[in-house]
Amino acid sequence: MSSSRREVLLGVGGGIAAYKACDLLRRLQDSGYVVTVVPTPAALNFVGSATWEALSGRPVYTQVWENVPAVTHISYAQNADYVLIAPATADLIARIVHGRADDLLTNIVLASTAPKLIVPAMHPQMWNNSATIENVRILRERGFAVMEPETGRLTGSDSGQGRFPETVAIVEKFEEVVGRSADLSGRTVLVTAGGTREPIDPVRFIGNRSSGIQGYAIARAAAARGAKVQLIAANSHEIAIPGVEITPVETAAQMHDLLLAKFPHSDILVMTAAVADARPKVVSSTKIKKSELEEIQLLANPDLLASVALLRKSGQIIVGFAAETENLIANASNKLLAKGLDLIYVNNVSDGAIFGSELTHGHFVDKDGVESEVSEVTKDTLAHELLDKAVYRLGLPNV
Ligand code: CTP
């Protein structure tokens, strides 16, 4: 089991639907999972190892005779938090039922104690064959989740029940198996994203390099987990997220007003936005000529997090972000205390690689002083790790 509980072992059986599993892999990654693909040897007739390696960013093996020193059938089984087999052929299902271990995937299934979801796809006559019916019954009895194939047109001209389900339906079922599909249902999550801009005149502003990618990832992840999500987006122009109410803002003052209005109705606030620490004292209504651009006097902006944290009622969770280049944990702990937070994630920006990047690495520090390192992960993965911690804190007595 991995420390982040995001490791998915995607087993791919030798059916034509194997090509659809490429999209499934992508959507799992979008949902924050890290995926290792183990095809059966037959599956390579449909999609080759190079495709799986490129998409997963990990090596691909099909037999226990490859990469022998790593003892992959055991190490993969131990590292997998979840096993998802999609598509599962009639033959693969039968082999699993009989405890066969004739390729790497079936060895892993035998050795793994992780929750398992099987997504069958085959011709309707094979699906309705009493041998398959009995095998599926046995798998379910043993605790495997087995999806029902969809009814519709098959590879040939005939139709019936046996089609590989749509990717969204598989991801939804998988999230159910993982148990996080609805852990935020009934909760309201307020997220800020992007960077505020403080106008100097109609064409110039003081701004920063925050892209908004992390805030959008958190909003998406919270919505996928059933929350009502409100996103205050400062100058970040990503596309709409289904089910998320996005309010665009420009300045720290606008963000502050919205936070004050929305925070009292939220269970969790996640403040990823980079708020400009100061704004010009005077905003010119006409463009300042460069000959007159000598000096801009600044006024400090309020600390939005600290100001909102003063309104906190019991049961509300406040999460802050920090970007630091040195003394990461000490600086993060100080900000957590000074701003009255429950949890803070500190980005390690010492190499300048976080802004605008899809990847992040850093540390979480919580108000009990518990610290955990996050090695390079996507911002989607980070979003789910952060929400796991927030959900855990929501469940604590006297939060
Ligand atoms: N933040 C805020 N209001 C501000 C400045 C920051 O609410 N005026 C929030 C950010 O959204 C973030 C956290 O405080 O969640 C930490 O932001 P950061 O810029 O790292 O901290 P600062 O307090 O500005 O400290 P410094 O710039 O001195 O490191």
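Placed above this text is the structure.
In this text the structure is predicted, and so the values were computed from the model without any measurement.

1. Topic: the overall build of the protein
(1) Moving on: Of the regular secondary structure elements, the protein holds 13 helices and 19 strands.
(2) Moving on: Looking at the protein residue by residue over its 399 residues, the buried ones come to 50%.
(3) Moving on: When contacts within the protein are restricted to residue pairs at least 6 apart in sequence, long-range pairs at least 24 apart make up 66% of them.
(4) Moving on: For the protein, the accessible surface area stands at approximately 18,200 Å², while carbon and sulfur atoms represent 53% of it.
(5) Moving on: Side-chain charges in the protein split into 37 positive and 44 negative, and the spacing between the mean points of these groups amounts to 3 Å.

2. Some details on the site of the ligand
(1) Moving on: Around the ligand sit 14 residues, and of these A273, L305, F321, K335 and K339 come closest.
(2) Moving on: A distance of 3.1 Å separates an oxygen atom of the ligand from a polar side-chain atom of D277.
(3) Moving on: Of all the secondary structure elements, the ones that give two or more residues to the shell around the ligand are α11 (304-309), β16 (317-324) and α12 (328-339).
(4) Moving on: Counting residues per element, the shell around the ligand draws most heavily on β16, at 4 residues.
(5) Moving on: Of the residues assigned to the shell around the ligand, the class counts are 9 nonpolar, 1 polar and 4 charged.

3. Some thoughts on the sheet that holds strand β8 (residues 188-194)
(1) Moving on: The mixed open sheet is built from 8 strands, whose spatial order is β12-β11-β8-β13-β16-β17-β18-β19. A strand with exactly one partner marks an edge of an open sheet, and here the two such strands are β12 (244-249) and β19 (371-378). In this sheet, neighbouring strand axes are inclined to one another by 20° on average, regardless of whether the strands run parallel or antiparallel.

4. Structural notes on the nonpolar core
(1) Moving on: L184, L231, I268 and L386 are the most contacted members of the largest nonpolar core, which has 32 residues in total.
(2) Moving on: At the level of elements, β8, α9 (213-224), β11 (228-234), β13 (268-271), β16, β17 (343-348), β19 and α13 (379-394) are the ones that each hand at least two residues to this core.

5. Overview of the pattern of salt bridges
(1) Moving on: For the structure shown, the criterion picks out 25 salt bridges.
(2) Moving on: Linking D91 and R95 is a salt bridge whose minimum nitrogen-to-oxygen distance equals 3.1 Å. On the criterion of helical spacing, the pair formed by D91 and R95 is a turn pair, its members being 4 residues apart in helix α4 (residues 90-97).
(3) Moving on: On the accessibility criterion, R95 (12% relative accessible area) is buried.

6. Section: the pairing of strand β6 (residues 150-153)
(1) Moving on: As defined by bridge partners, β6 adjoins strand β7 (residues 159-163) across 4 bridges and the pair is classed as antiparallel. What sits directly across from G152, in β7, is G160.
(2) Moving on: The turn joining β6 and β7, which pair antiparallel and follow one another in sequence, is formed by 5 residues.

7. What to know about the packing of aromatic side chains
(1) Moving on: The tally for this structure, following the rule as stated, stands at 5 aromatic pairs.
(2) Moving on: Pairing Y33 with F174 gives two aromatic rings, centres 5.2 Å apart and planes at 75°, and the pair type is edge-to-face. In this pair, Y33 is assigned in the loop between α1 (20-30) and β2 (34-39) and F174 in helix α8 (residues 167-178), connecting sequence segments 141 residues apart. Neither residue differs from the other here; Y33 and F174 are each classed as buried.
(3) Moving on: Relative to F364, the ring of Y345 lies with its centre 5.0 Å away and its plane at 55°, an arrangement referred to as tilted. Taken together, the residues Y345 in strand β17 and F364 in strand β18 (residues 359-366) connect sequence positions 19 residues apart. Take Y345 and F364: they sit in the same class, and that class is buried.
(4) Moving on: Three or more aromatic residues joined by ring pairs make a cluster, and in this case those are Y33, Y82 and F174.

8. Regarding the sheet that holds strand β5 (residues 145-146)
(1) Moving on: If you trace the 5 strands from one edge of the open sheet to the other, you get β2-β1-β3-β4-β5, paired in parallel fashion. In this open sheet, the two strands that pair with only one neighbour each are β2 and β5.
(2) Moving on: Bridge analysis of strand β4 (residues 116-120) against β5 gives 2 bridges, and the strand direction is parallel. Considered in β5, the bridge of L117 is made with A145.
(3) Moving on: Sheet strands in contact with α4 are β3 (82-88) and β4, and its direction is about 140° off that of β3.
(4) Moving on: Against the sheet, helix α5 (residues 104-111) touches β1 (7-12), β2, β3 and β4, its axis set at about 135° to β1.

9. A short note on the packing of α1 against α8
(1) Moving on: Contact geometry for α1 and α8: axes closest at 10 Å, N-to-C directions at 50°. On the basis of their axis angle, the class for α1 and α8 is oblique. The element α1 and its partner α8 pack so that their crossing is right-handed. Along its contact with α1, which presents K20, D23, L24, R27 and L28, the element α8 presents T167, I170, V171 and F174.
(2) Moving on: Here the contact of α1 with α8 is built from residues that sort into 5 nonpolar, 1 polar and 3 charged.

Conventions used here
Residues numbered from 1 in each chain as written. Predicted model: local features only at pLDDT ≥ 70, side-chain atom pairs only at ≥ 80, totals over all residues. Heavy atoms only, no water. Helix = DSSP H or I, 4+ residues; strand = E, 2+ residues; numbered from the N terminus. Buried < 20%, exposed > 50% of the residue type's maximum accessible area, 1.4 Å probe, protein only. Contact = heavy atoms within 4.5 Å. Areas by Shrake-Rupley, 256 points an atom, 1.4 Å probe, with all protein chains shown as cover. Lys, Arg positive; Asp, Glu negative; His and termini not counted. Charge placed at Lys NZ, Arg CZ, Asp CG, Glu CD. Near = heavy atom within 4 Å. Polar contact = N/O pair within 3.5 Å; in protein donor to acceptor, adjacent residues only side chain to side chain. Nonpolar A, V, L, I, M, F, W, Y, C, P; charged D, E, K, R; others polar. Pairing = 2+ DSSP bridges. Axes fitted to C-alpha atoms, helices over the stretch in contact; angles between N-to-C directions. Core = buried A, V, L, I, M, F, W, Y, C linked by side-chain atoms within 4.5 Å. Salt bridge = Lys/Arg side-chain N within 4 Å of Asp/Glu carboxyl O. Phe/Tyr/Trp six-rings, centres within 6.5 Å; stacked < 30°, edge-to-face > 60°. Parallel < 35°, antiparallel > 145°, perpendicular 65-115°, else oblique. Left-handed = near helix turned anticlockwise from the far one by under 90°.

These figures come from the coordinates and say nothing about function on their own.
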